[in-house]
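Tertiary structure, described
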Amino acid sequence: MENRFIRAEDVAQELNVSKPYAYKLIRQLNEELKAKGFITIAGRVNRQYFYERLYGAGKGKCKCRYLRMKITVLGM
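As the structure is a prediction and not an experimental result, all values here were calculated from the model.

Cut-offs and rules
- Residues numbered from 1 in each chain as written.
- Predicted model: local features only at pLDDT ≥ 70, side-chain atom pairs only at ≥ 80, totals over all residues.
- Heavy atoms only, no water.
- Helix = DSSP H or I, 4+ residues; strand = E, 2+ residues; numbered from the N terminus.
- Buried < 20%, exposed > 50% of the residue type's maximum accessible area, 1.4 Å probe, protein only.
- Contact = heavy atoms within 4.5 Å.
- Areas by Shrake-Rupley, 256 points an atom, 1.4 Å probe, with all protein chains shown as cover.
- Polar contact = N/O pair within 3.5 Å; in protein donor to acceptor, adjacent residues only side chain to side chain.
- pLDDT = per-residue confidence, 0-100.
- Axes fitted to C-alpha atoms, helices over the stretch in contact; angles between N-to-C directions.
- Parallel < 35°, antiparallel > 145°, perpendicular 65-115°, else oblique.
- Nonpolar A, V, L, I, M, F, W, Y, C, P; charged D, E, K, R; others polar.

Attention shifts here to the overall build of the protein chain. Each helix and strand in the protein chain was counted, giving 4 helices and 2 strands. Secondary structure elements in the protein chain, listed N-terminal to C-terminal, are β-α-α-β-α-α. Here the protein chain holds 76 residues, and the buried ones make up 34% of them. Residue pairs at least 24 apart in sequence account for 48% of intrachain contacts in the protein chain once pairs closer than 6 positions are excluded. For the protein chain, the accessible surface area stands at approximately 5200 Å², while carbon and sulfur atoms represent 52% of it.

Below is the structure:
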């Protein structure tokens with residue numbers, strides 16, 4: 001069974017970004033989940049939410065949401 005949470009190492013590898021940037025993305029996603037009333041774990045994010053937020057409904061579907069999120073996180 002696949003772990004329900006994805007860690008920074010996996011996020012960095014999945015998106016081909018640095019580990020510090022992966023932590024930044026995880027913080028952003030966890031803030032969104034907290035705002036919705038969910039309990040979060042630092043350094044990890046729900047795997048399903050990660051894929052939905054970055055790619056849409058399914059894994060690897062489209063990276064356009066990732067680009068919008070990157071712009072939001074970096075303040076561009």
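What follows concerns the environment of Ser18. Structurally, Ser18 can be placed in the loop between α1 (8-15) and α2 (19-35). What makes Ser18 partly exposed here is its relative accessible area of 41%. Counting along the chain gives 10 residues from Ser18 to Ala8, while the straight-line C-alpha distance between them is 9.2 Å. Engagement of the side chain of Ser18 in a polar contact is seen with the backbone nitrogen of Tyr21, the distance being 3.2 Å.

Averaged over every residue, the pLDDT of the protein chain is 82; residues scoring 70 or more account for 72%. Confidence, read as mean pLDDT per element, is least for helix α4 (residues 64-74) in the protein chain (53) and greatest for α2 (96).

Running from N to C, α1 and α2 cross one another at 105°; their axes reach a closest spacing of 8 Å. Between α1 and α2, the crossing angle belongs to the class labelled roughly perpendicular. On α2, the residues that touch Ala8, Glu9, Val11, Ala12 and Leu15 of α1 are Lys19, Ala22, Tyr23, Leu25 and Ile26. Its residues assigned to classes, the contact of α1 with α2 comprises 8 nonpolar, no polar and 2 charged.

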